[in-house]
Amino acid sequence: MKIRDGFMLREIAGQWVVVPLGEKVVEFNGIMTLSQSGALLWQVLEKNASEEDLVEVILKEYTIDKETAETDVREFVSIIREKNLIN
Amino acid sequence: MSLRWGELYSQLISGARERKELISASFELTARCNLQCKMCYVSHSVNDLKTKAKELTTAEWIRLAEEARDAGLLFLTLTGGEVFIREDFKTIYEKFMQMGFVIQIYTNGTLLTKDHVNWLASIPPSKVSITLYGASRKTYQEVTGYAEGFDKTIRAIDDLLAKGITTEIKTTVIQGTRYEFDALLDIALQRKLQLGIVNYVSPNRECSHSDPVGNRLSSQELLQYEIHMSEREQQLTAENIKDITKITDAVTEEVMPAKLDVVRLKDTPALAFPCLAGTSAAWVTWDGRLLPCGLLDIPETNPLEKGFKAAWEELKNKCTLIPVCKECQECKYQSLCEHCPARLFRETGYYDQPAPYLCELAQSRSVYKDRMKA
Ligand SMILES: C[S@@+](CC[C@H](N)C(=O)[O-])C[C@H]1O[C@@H](n2cnc3c(N)ncnc32)[C@H](O)[C@@H]1O
Ligand code: SF4
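Just so it is clear, the structure is predicted and the values come from calculations on it, not from any experiment.

About the thresholds
Residues numbered from 1 in each chain as written. Chains lettered and ligands numbered in written order. Predicted model: local features only at pLDDT ≥ 70, side-chain atom pairs only at ≥ 80, totals over all residues. Heavy atoms only, no water. Core = buried A, V, L, I, M, F, W, Y, C linked by side-chain atoms within 4.5 Å. Buried < 20%, exposed > 50% of the residue type's maximum accessible area, 1.4 Å probe, protein only. Domains from an automatic or database assignment. Near = heavy atom within 4 Å. Polar contact = N/O pair within 3.5 Å; in protein donor to acceptor, adjacent residues only side chain to side chain. Areas by Shrake-Rupley, 256 points an atom, 1.4 Å probe, with all protein chains shown as cover. Helix = DSSP H or I, 4+ residues; strand = E, 2+ residues; numbered from the N terminus. Nonpolar A, V, L, I, M, F, W, Y, C, P; charged D, E, K, R; others polar. Salt bridge = Lys/Arg side-chain N within 4 Å of Asp/Glu carboxyl O. Contact = heavy atoms within 4.5 Å. Buried area = accessible area lost by both parts, 1.4 Å probe. Expected span 1.5 Å × (residues − 1). Arc of directions from axis to C-beta. 1 Å grid on protein atoms, 1.4 Å probe; cavity = no way out; pocket = protein on both sides within 12 Å on 5 of 7 lines; lining within 4 Å. Sits in = over half its atoms within 2 Å of the grid points. pLDDT = per-residue confidence, 0-100. Pairing = 2+ DSSP bridges. Axes fitted to C-alpha atoms, helices over the stretch in contact; angles between N-to-C directions.

Undergrad: In this structure, what is going on with the nonpolar core? I would like to understand it.
TA: Counting 106 residues, the largest nonpolar core has B:Phe27, B:Leu78, B:Tyr93, B:Phe96 and B:Leu120 as the members making the most contacts within it. When we break this core down by domain, the ones giving at least three residues each are domain 1 (5–320) and domain 2 (326–373) of chain B. The next biggest cluster of nonpolar side chains, apart from the first, holds 24 residues, and it includes A:Trp16, A:Val55, A:Val77 and A:Leu85.

Here's what the structure looks like:
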């Protein structure tokens, strides 16, 4: 899976936000904020990545157990899928 | 993971302010305009070729925008003059919309054709903010010199709304529009919109044909206008129609307390500007000068020469040297006054001298308030 084209992840005043670009504003009104770990996953998903890749990245960056990492990743993916941000 | 828009907006703004990072800016794409408003602080005529020659080019605006984005800029206002007279406006806007900004457009609306509106609908800004210079052709003529502008603007507003583009209307209070509040409010309410009121008219920055001071209301007249506004607001609130107006500043974008008795928060007393100017907000003039606010012409830095980031850092430093007006700070009317260094400077030539016009206004608001209490 991969983040669809037309979105930019930006760090604004210490806060991660996703801004829609160009025509994408029609379907995605407003901006969205991401947590630190959400931003990390987003960056990985800007290139193609699987859920396993994401779990691996999280485990490398945070000291949490694999199960928690998997739950977090699944939750993150389902939210951005629901918002139609990945394909 | 996501927050509501309003919450996020204030969170980002206060974060930027704390860190003294740029978050908001206005790009004055041109100083030229098709209208000749009597109070305008900036505009030159459309055919003023000398001015046109000094305007930044398409490529320069694009470069500055990229650099400003890299310096943190998120909220970008496009203003003028009238942005729709630039032949390259479409190119500039489409480029900017690919850069990761949240954009709003300030316009008089008269040049917005159906084609423009259809195009904007395919790539809409977060807001189109239209200034409406009267509620009839007669007033519109009186203020701008162009009667038909009234019909054109109303049509533009309706076309924008029909296309679902977030649209705001505001008016700038001067002699010509002095008795038009009710009629303008009706225009807004019929469209389920709020009416923004620009109550403070600043002396000229660089307009050759206008006379802002000669055309603005006296402090007494402005007080009467505000009283009428709040009476009308109370009436409508009683009819359960709420939040119908907001007092706004067309230059710094600051929204003023709508009621006369709200105290302004001054959480950073060390900095002279009560708003974001010079801390997290900036203004780029049509000829490429970086300023804290569009009312001022100093302090300025040169982003084209130095690069935007360096020019912004230099500007922030210069702004820390702007003195606070001690008399204002100690004044008992301060909470009823909309003073700031830019206004004081335009009124008096000094950042830290009380401005008689603003003092009179604050005083008369206070007298009125006391009378109401009694
Ligand atoms: C200079 S205009 C440029 C955008 C566009 N042409 C318009 O009329 O909205 C921006 C805003 O500044 C307001 N304005 C003009 N002259 C002013 C002055 N001397 N003091 C305060 N606001 C002013 C206008 O009414 C308008 O709302
Ligand atoms: S206020 Fe706006 S519409 Fe009126 S002359 Fe100035 S730039 Fe033009």
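What follows continues from the structure just given.
Undergrad: What am I meant to see in the site of ligand 1 here?
TA: All names here are of chain B. Taken together, 20 residues surround ligand 1, and among them Met39, Thr131, Tyr133, Thr172 and Ser202 come closest. Note that a nitrogen atom of ligand 1 is positioned 2.8 Å from one of the backbone N or O atoms of methionine 39. Glutamate 82 places a polar side-chain atom, nitrogen or oxygen, 3.3 Å from a nitrogen atom of ligand 1. Coverage of ligand 1 by the protein amounts to 97% of the 540 Å² it exposes when considered alone. Secondary structure elements with two or more residues in the shell around ligand 1: strand E5 (102–107) and strand E7 (167–172). A breakdown of the residues in the shell around ligand 1 according to their chemical character gives 10 nonpolar, 8 polar and 2 charged.

Undergrad: What am I meant to see in the pattern of salt bridges here?
TA: Where charged atoms from two side chains of opposite charge approach closely, those side chains can pair. Residues and elements named next belong to chain B. Inspection of every chain in the model, using the stated rule, returns 32 salt bridges over all chains. Across the salt bridge formed by glutamate 87 and lysine 52, the nearest N and O atoms sit 3.6 Å from each other. With a gap of 35 residues between them, glutamate 87 in the loop between strand E4 (75–79) and helix H4 (89–97) and lysine 52 in helix H2 (residues 49–54) connect regions that are remote in the sequence. Residue lysine 52 is classed as partly exposed on the basis of its relative accessible area, which comes to 32%.

Undergrad: Is there a simple way to explain the interface of chain A and chain B in this structure?
TA: Buried accessible area, meaning the area lost when the parts come together, often serves as the stated size of an interface. With 21 residues of chain A at the contact, the number on the chain B side is 26 residues. Of the roughly 1900 Å² buried between chain A and chain B, counting both surfaces, carbon and sulfur atoms make up 67%. If you sort the residues of chain A by the area they bury against chain B, A:Arg10, A:Ala13 and A:Ile31 come out on top, with a joint share of 29%. Taken together, the elements giving at least two residues each to the side of chain A that touches chain B come down to strand E1 (7–12), strand E2 (15–20), helix H1 (24–27), strand E3 (32–34) and helix H4 (66–82) of chain A. Of the residues in the side of chain A that touches chain B, the class split is 14 nonpolar, 4 polar and 3 charged.

Undergrad: I'm lost on helix H3 (residues 58–70) of chain B in this one. Help?
TA: Three- or four-residue spacings in an α-helix give side chains the same orientation, since the helix completes a turn every 3.6 residues. Here H3(B) is 13 residues long and its end C-alpha atoms lie 19 Å apart, about the 18 Å a rise of 1.5 Å per residue gives. Looking only at H3(B), the buried set comprises B:Trp61, B:Ile62, B:Leu64, B:Ala65, B:Ala68 and B:Arg69. Across the axial projection of H3(B), the buried residues extend over an arc of 165°, all falling on one side. Of the residues in H3(B), the exposed ones pointing more than 90 degrees away from the buried face are B:Ala59 and B:Asp70. Each element contacted by the buried residues of H3(B) is listed here: E1 of chain A together with strand E1 (24–28), H4, strand E11 (281–284), helix H11 (303–306) and helix H12 (308–320) of chain B. Looking one or two residues beyond H3(B), the residue adopting positive phi is B:Gly72, at roughly 120°.

Undergrad: For this particular structure, what's the right way to read the site of ligand 2?
TA: Residue and element names in this part refer to chain B. The local shell around ligand 2 consists of Cys33, Leu35, Cys37, Cys40, Ser43, Gly81, Asn108 and Tyr133. Comparing atom positions with the cavity grids shows ligand 2 to sit within the largest cavity. When grouped by side-chain class, the residues that make up the shell around ligand 2 number 5 nonpolar, 3 polar and no charged.

Undergrad: Would you explain the confidence of the model for chain B in this entry?
TA: Low pLDDT means the predicted coordinates in that region are not meant to be read closely. In this model, chain B carries an average pLDDT of 91, and 93% of its residues clear a pLDDT of 70 or more. Note on the complex model: pTM 0.94, ipTM 0.94.

Undergrad: Looking at this structure, I do not really get the pairing of E4(B). What am I missing?
TA: In regular strands, side chains alternate between the two faces of the sheet. Residues and elements named next belong to chain B. Counting buried positions along E4 yields 5 of 5 residues, so the element is predominantly enclosed. Note that E1 and E4 share 5 bridges and pair parallel. Each bridged residue has a counterpart across the sheet, and for glutamate 28 the counterpart in E4 is threonine 79. The pairing of E4 with E5 spans 4 bridges and is parallel. The residue bridging leucine 78 from the neighbouring strand is isoleucine 105, located in E5.

Undergrad: Looking at this structure, how should I read the sheet that holds E2(A)?
TA: Sheets are built from strands paired through backbone hydrogen bonds, the pairs being either parallel or antiparallel. Residues and elements named next belong to chain A. Read across the sheet, 3 strands follow the order E1-E2-E3 without closing on themselves; strand pairing throughout is antiparallel. Unpaired on one side and paired on the other, E1 and E3 mark the two borders of the sheet. Across this sheet, the average inter-strand angle for adjacent strands is 35°, counted without regard to direction. Sheet topology places E1 next to E2; 6 bridges connect them, and they run antiparallel. Of the residues in E2, the one forming a bridge with phenylalanine 7 is proline 20. Set on the sheet, helix H2 (residues 36–45) makes contact with E1, E2 and E3; between it and E3 the angle comes to about 100°.

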